[in-house]
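These are the residues of each chain, in order.
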Amino acid sequence: MILPAETLALAAAATWACSSLLSASAVARMGAFSFSRWRLAFACAMLWALAFATGSWRSLRLDGAGVLALSGVIGIFVGDTALFACMGRLGPRRSGILFATHALFSAVLAWLFLGETLSGWGLLGSALLVAGVMTAIAFGRRETELHHWESTKGRLAVGIALGLVAALGQSVATLMLKPLMQSGMDPVAASAVRMSSGLAAHAVLLFSGWRVVQATQSPRWVDLGYTCASAALGMTLGMTLILKALQNGSAGMVGMLSSVTPVLLLPLLWWVYRRRPALGGWCGALLTAAGCALILLRH
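Thresholds, definitions, all that
- Residues numbered from 1 in each chain as written.
- Predicted model: local features only at pLDDT ≥ 70, side-chain atom pairs only at ≥ 80, totals over all residues.
- Heavy atoms only, no water.
- Salt bridge = Lys/Arg side-chain N within 4 Å of Asp/Glu carboxyl O.
- Buried < 20%, exposed > 50% of the residue type's maximum accessible area, 1.4 Å probe, protein only.
- Phe/Tyr/Trp six-rings, centres within 6.5 Å; stacked < 30°, edge-to-face > 60°.
- Helix = DSSP H or I, 4+ residues; strand = E, 2+ residues; numbered from the N terminus.
- 1 Å grid on protein atoms, 1.4 Å probe; cavity = no way out; pocket = protein on both sides within 12 Å on 5 of 7 lines; lining within 4 Å.
- Points joined across faces, edges and corners; volume = space filled by probe spheres on them.
- Expected span 1.5 Å × (residues − 1).
- Axes fitted to C-alpha atoms, helices over the stretch in contact; angles between N-to-C directions.
- Parallel < 35°, antiparallel > 145°, perpendicular 65-115°, else oblique.
- Left-handed = near helix turned anticlockwise from the far one by under 90°.
- Contact = heavy atoms within 4.5 Å.
- Nonpolar A, V, L, I, M, F, W, Y, C, P; charged D, E, K, R; others polar.
- Polar contact = N/O pair within 3.5 Å; in protein donor to acceptor, adjacent residues only side chain to side chain.
- Patch = residues over 30% accessible without salt bridge, like charges linked within 9 Å, V, L, I, M, F, W, Y side chains within 5 Å.
- Areas by Shrake-Rupley, 256 points an atom, 1.4 Å probe, with all protein chains shown as cover.

Outline the pattern of salt bridges, supporting the account with residue identities and numerical values.
Inspection of the entire model under this criterion finds four salt bridges. Two residues, Asp-223 and Arg-220, come together in a salt bridge whose shortest N-O distance is 3.6 Å. We classify Arg-220 as partly exposed; its relative accessible area is 45%. Salt bridges sharing common partners tie together Arg-29, Arg-220 and Asp-223.

Listed below in structure tokens is the structure:
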């Protein structure tokens, strides 16, 4: 049974929420570049194993390999590294609200380059969804909540810039894949190529000798365990679900629905903090739910 594109996009958002929570501590200890390299290595191993086991690698075509590789560099090498660098500076809550802007980037880029438009209930639903996500994350923390993930490391402006770069990279990379996925390319095989190109870009940067990307300390086994779990959820499963959704759904809609990750992250952070989200978090969640309902009714 083939799930609707809307369901696949929401499922991907759920995997990203779990992956984000698993990643936060490992990123803080390992650093963004080291974490990203290990995460990509785990994801590549899983995806290529699946591609060869199922035979889905046969759907790959040379004329699409370049687009897949470029998408991997933009969305994974640039986008993911920027996201985890932002998370290391601002924590998962504030990096989440910045990354959620990829919904707006996706809608605008889909309109400019794919001719996709939103109108009527769909437009209202999209507006409610974005407003809900922003509200839930911006006002979902209590003033008395002092967790080390809420502290700012380094300059705030740099953290904000990294979050916006991550969101834009995610949107551009996803938009590039829409024509390929509609042609029938297998999502698992396509994800494997994208992850491999991202890992190759990381390897080039690592062997360049640039001090910033070097690992400052050897990773601990517990960090590698969390990194592997994050790769399985966020990259192997999450990105494959997104590519599958793009086969039948519009790029703008997929971008919008997959942006609810920060709202889905709230109950997970509640579990970590042992405190309920503030009233703003609940209000944002209700707005997001209403927006999702309107978008789903439109489709």
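Can you break down the packing of aromatic side chains residue by residue, with the values?
Each aromatic ring pair is summarised here by two numbers: the centre-to-centre distance and the angle between the ring planes. On inspection of all chains with the given rule, the structure shows three aromatic pairs. Centroid distance Trp-48 to Phe-52: 5.8 Å. Interplanar angle 35°. Geometry classified as tilted. Note that Trp-48 and Phe-52 are positioned in helix H2 (residues 32–54) at a spacing of four residues, about one turn of the helix. The exposure class of Phe-52 is exposed, given its relative accessible area of 53%. Taking 5.8 Å as the distance between ring centres and 35° as the angle between the ring planes, the aromatic pair formed by Phe-52 and Trp-57 counts as tilted. Among the aromatic residues, ring-to-ring pairing joins Trp-48, Phe-52 and Trp-57 into one connected group.

I'd like a description of empty space enclosed by the protein, backed by residues and values.
Across all of its chains, the model carries four cavities of 30 Å³ or more by this definition. The volume enclosed by the largest cavity comes to roughly 350 Å³. If you go around the largest cavity, you meet 25 residues; those closest to its centre are Trp-16, Arg-39, Asp-80, Leu-83 and Phe-99. Of all the secondary-structure elements, those providing two or more residues to the lining of the largest cavity are helix H1 (5–30), helix H3 (62–99), helix H8 (221–248) and helix H10 (261–273).

Talk me through H2; I want residue IDs and the actual numbers.
Taking 1.5 Å of rise per residue, 23 residues should cover 33 Å, and H2 covers 32 Å from first to last C-alpha, within 8% of that figure. Among all positions of H2, only Ala-32, Ser-34, Phe-35, Ser-36, Arg-37, Arg-39, Leu-40, Ala-43, Cys-44, Leu-47 and Ala-51 are buried. Taken from the residues just after H2, Gly-55 is the one with a positive phi, measuring 80°.

Lay out the packing of helix H4 (residues 102–113) against helix H6 (residues 156–182) with the relevant residues and their values.
Close contact between H4 and H6 brings their axes to 9 Å; oriented N to C, the two are set at 40°. Our classification of the angle between H4 and H6 gives oblique. The handedness of the crossing between H4 and H6 is right-handed. From H4, His-102, Phe-105, Ser-106, Leu-109, Ala-110 and Phe-113 reach across to H6, where they touch Leu-164, Ala-167, Leu-168, Gln-170, Ser-171, Val-172 and Leu-175. Grouping the constituent residues of the contact of H4 with H6 by class yields nine nonpolar, four polar and no charged.

Please give an account of the side chain of Ser-106 that cites residues and values.
Here Ser-106 lies in helix H4. Within the structure, Ser-106 has its side chain in polar contact with the side chain of Ser-171 (distance 3.3 Å). Ignoring any residue separated from it by four or fewer positions in sequence, one finds Ser-106 in contact with Ser-171, Ala-251, Gly-252 and Gly-255.

Any chance you could break down the side chain of Ser-71 for me, citing the residues and the numbers?
Along the polypeptide, Ser-71 turns up in helix H3. Residues within four places of Ser-71 in sequence aside, it is in contact with Ile-76, Ala-173, Met-176, Leu-177 and Arg-194.

Before we move on, can you summarise the layout of surface pockets with the specific residues and values?
In this structure, the largest pocket occupies an estimated 430 Å³ of space. Taken together, 22 residues form the lining of the largest pocket, with Gly-31, Ala-32, Phe-33, Ala-85 and Val-212 sitting closest to its centre. Elements with a minimum of two residues in the lining of the largest pocket: H1, H2, H3 and H6. Considering each element in turn, the lining of the largest pocket owes the most residues, six residues, to H3. Here the residues of the lining of the largest pocket sort into 14 nonpolar, six polar and two charged.

Any chance you could break down a nonpolar patch on the surface for me, citing the residues and the numbers?
A cluster of nonpolar residues, Val-108, Trp-111, Leu-112, Phe-113 and Leu-114, forms a patch on the protein surface that exposes about 540 Å² of accessible area. The residue Trp-111 is located in helix H4 in this model. On the accessibility criterion, Trp-111 (51% relative accessible area) is exposed.

Which residues make up the packing of H1 against H2, and what values go with them?
The interhelical angle for the contact between H1 and H2, taken along N-to-C directions, is 130°, at an axis separation of 8 Å. Judged by the inter-axis angle, H1 sits oblique to H2. Between H1 and H2 the crossing geometry is right-handed. Two secondary-structure elements touch here, H1 through Ser-19, Ser-23, Ala-26, Val-27 and Met-30 and H2 through Ala-32, Ser-34, Phe-35, Trp-38 and Arg-39. A breakdown of the residues in the contact of H1 with H2 according to their chemical character gives six nonpolar, three polar and one charged.

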